[in-house]
Amino acid sequence: NKHSTNPVLELDYTGYPTQDVDAARKIYKNIMKLGEGYHDEGYYGFWSNHAVFGLYEADSEEDNLPQPHRANGYMSFWVHSAEDIYEYLKQNGSTFPVIPAINDRKGIDKQPGYTQVVSTDSEGNVLIFTEYSGRPR
């Protein structure tokens, strides 16, 4: 949807925290039959047609994740502008947590290759909005 004026272009990826990415990867690869994915630092992703199901390393003490028998995952949406979505979310009462396994700072968090905003929905579920440098919109 290259010509959309909506702030969110599409679902980008989901993230599920794990204390042992390799052990979790084996479950999803061998038992769930998701096949091979790709490694990144502290992350393993399985591609679908347009999005990635990802496992990321989290420390249960530092991040308070994962919590057994709880929904721990989050969604990341690909956006035109992290700055615009941040202003919109601020105006609409969203909160901006810092989760060390995910982001370094509240609000706009610039990283090499992307800029993201970690926020929450009305129920406190974590949502991420990601703008990529160099990725066509």
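Structure first, text after, so check above.
Scope of this entry: the structure provided in the associated data block.

About the criteria used
- Residues numbered from 1 in each chain as written.
- Predicted model: local features only at pLDDT ≥ 70, side-chain atom pairs only at ≥ 80, totals over all residues.
- Heavy atoms only, no water.
- Buried < 20%, exposed > 50% of the residue type's maximum accessible area, 1.4 Å probe, protein only.
- Helix = DSSP H or I, 4+ residues; strand = E, 2+ residues; numbered from the N terminus.
- Arc of directions from axis to C-beta.
- Contact = heavy atoms within 4.5 Å.
- Polar contact = N/O pair within 3.5 Å; in protein donor to acceptor, adjacent residues only side chain to side chain.
- Core = buried A, V, L, I, M, F, W, Y, C linked by side-chain atoms within 4.5 Å.

Glancing now at helix α1 (residues 21-31). Owing to its 3.6 residues per turn, the α-helix brings residues three or four apart onto one side. Taken together, the buried positions of α1 are occupied by Val21, Ala24 and Arg25. Considered in projection along α1, the buried side chains sweep an arc of 105° and stay on one side of the axis. Those residues of α1 hidden inside the fold are in contact with β1 (8-18), β2 (38-40), β3 (43-47) and β4 (52-57). Here α1 starts with a cap whose side-chain oxygen sits 3.2 Å from the backbone nitrogen of Asp22, and that cap is Asp20.

On to the nonpolar core, then. Core analysis: the largest hydrophobic core is formed by twelve residues, namely Tyr13, Tyr43, Val52, Tyr56, Ala58, Leu65, Tyr74, Ile99, Ile102, Val118, Val126 and Ile128. Of all the secondary structure elements, the ones that give two or more residues to this core are β4 and β8 (126-132). Here Ile99 is in contact with Asp63, Leu65 and Val126, once residues within four sequence places are set aside. If you look at the next biggest cluster of nonpolar residues, it comprises ten residues, including Leu89, Phe96, Val117 and Leu127.

With that settled, consider helix α2 (residues 82-91). Residues of α2 that are buried include every one of Ala82, Ile85, Tyr86 and Leu89, and no others. End-on view of α2: buried residues confined to an arc of 105°, all on one side of the axis. Along α2, the residues that are exposed and aim more than 90 degrees away from the buried face are Asp84, Tyr88 and Gln91. Contacts made by the buried residues of α2 are with β5 (74-79), β6 (108-111), β7 (114-120) and β8. Immediately downstream of α2, the backbone of Gly93 shows phi near 80°, a positive value.

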